[in-house]
Amino acid sequence: MEMEVLKKRISSYRTPKGRLTRVPDELLVDILISWEQWTGPASGFYSALGVDQRKMASLLGKAKRLKREGFFPEEVFKEICVSGSASPASLGPCQGIEVVWENNKVIRFPQVEYLIDFLKKVS
């Protein structure tokens, strides 16, 4: 999202004294996404939005908590393909998934389905 648009959206939640109040959760997520994509210094992000560093820190903290608790669904999974000459034999001796369990016991699962079934039975 463009910073100017985000700045205008944020400014609509300012009180006459200049404080930010009642910022909706949807706007918090947009702020968090813009923060994660920001490549410059943090002070540049705050000044681009025209928001105090301390207030932005509390807004970002609330947005991160909402995201962590699952109020907003994650983006669609994007598969990453590695190009090169890596064959399954060159990846190493372990195929599948390894889980280090209690007392440093290693459990190997050749497929994800087996791991999911195991975790369902254990929980």
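Just so we're clear, the structure is a prediction, and the values are computed from it rather than from any experiment.

Colleague: Explain the pairing of strand 2 (residues 106-109) here, please?
Modeller: It is a general feature of regular strands that their side chains alternate between the two faces of the sheet. In the sheet, strand 1 (residues 97-100) pairs with strand 2 via four bridges, with the strands oriented antiparallel. Across the sheet, Val 100 pairs through a bridge with Val 106, a residue of strand 2. Here strand 1 folds back onto strand 2, and the loop between the two strands holds five residues, one of which, Asn 103, carries a positive phi near 55 degrees.

Colleague: What is the right way to read the nonpolar core from this model?
Modeller: Soluble, globular proteins show a tendency: their nonpolar side chains are buried together. Among the nonpolar cores identified, the biggest contains 20 residues, and Ile 10, Ile 31, Phe 45, Leu 49 and Met 56 are the most heavily contacted of them. Counting only elements with at least two residues in this core, the list comes to helix 1 (3-11), helix 2 (25-37), helix 3 (42-49) and helix 4 (53-68). If we skip the residues at most four places from it in the chain, Phe 45 touches Met 3, Ile 31, Ser 34, Trp 35, Trp 38 and Met 56.

Colleague: Got a minute to help me understand the environment of Ile 97 in this structure?
Modeller: Along the chain, Ile 97 falls in strand 1. In this structure Ile 97 comes out as partly exposed when scored by relative accessible area, which is 26%. For the pair Ile 97 and Tyr 114, spaced 17 residues apart in sequence, the C-alpha separation works out to 9.6 Å. Apart from the residues lying within four places of it in its own chain, the contact partners of Ile 97 are Ile 107, Arg 108, Phe 109, Val 112 and Leu 115.

Colleague: Explain the pattern of salt bridges to me, please; I cannot follow it from the model alone.
Modeller: Side-chain pairs of opposite charge can arise whenever the charged atoms involved come near each other. Across all of its chains, the model carries four salt bridges by this definition. A salt bridge links Glu 36 to Lys 67; the nearest nitrogen and oxygen atoms lie 3.5 Å apart. With Glu 36 in helix 2 and Lys 67 in helix 4, this residue pair connects regions lying 31 residues apart in the sequence. Between Asp 52 and Arg 54 there is a salt bridge whose closest N-O contact spans 3.4 Å.

Colleague: Teacher, can you tell me more about helix 2 here?
Modeller: Because each turn of an α-helix spans 3.6 residues, side chains separated by three or four positions in sequence point in the same direction. Over its 13 residues, helix 2 extends 19 Å from the first C-alpha to the last, a length consistent with the 18 Å expected when each residue adds 1.5 Å. Tucked inside the fold, the buried residues of helix 2 contact helix 1, helix 3 and helix 4.

Colleague: Looking at this structure, how should I read the packing of aromatic side chains?
Modeller: By the definition in use, this model includes six aromatic pairs. A centroid spacing of 5.1 Å and a plane angle of 65 degrees characterise the contact between Trp 35 and Phe 45, whose relative ring orientation is edge-to-face. With a gap of 10 residues between them, Trp 35 in helix 2 and Phe 45 in helix 3 connect regions that are remote in the sequence. For Phe 45, a relative accessible area of 0% translates into the label buried. Grouped by ring-pair contacts, the aromatic residues Trp 35, Trp 38, Phe 45 and Tyr 46 constitute a single cluster.

About the cut-offs
- Residues numbered from 1 in each chain as written.
- Predicted model: local features only at pLDDT ≥ 70, side-chain atom pairs only at ≥ 80, totals over all residues.
- Heavy atoms only, no water.
- Pairing = 2+ DSSP bridges.
- Helix = DSSP H or I, 4+ residues; strand = E, 2+ residues; numbered from the N terminus.
- Core = buried A, V, L, I, M, F, W, Y, C linked by side-chain atoms within 4.5 Å.
- Buried < 20%, exposed > 50% of the residue type's maximum accessible area, 1.4 Å probe, protein only.
- Contact = heavy atoms within 4.5 Å.
- Salt bridge = Lys/Arg side-chain N within 4 Å of Asp/Glu carboxyl O.
- Expected span 1.5 Å × (residues − 1).
- Phe/Tyr/Trp six-rings, centres within 6.5 Å; stacked < 30°, edge-to-face > 60°.

Such coordinate-based values are descriptive only and should not be taken to indicate function.
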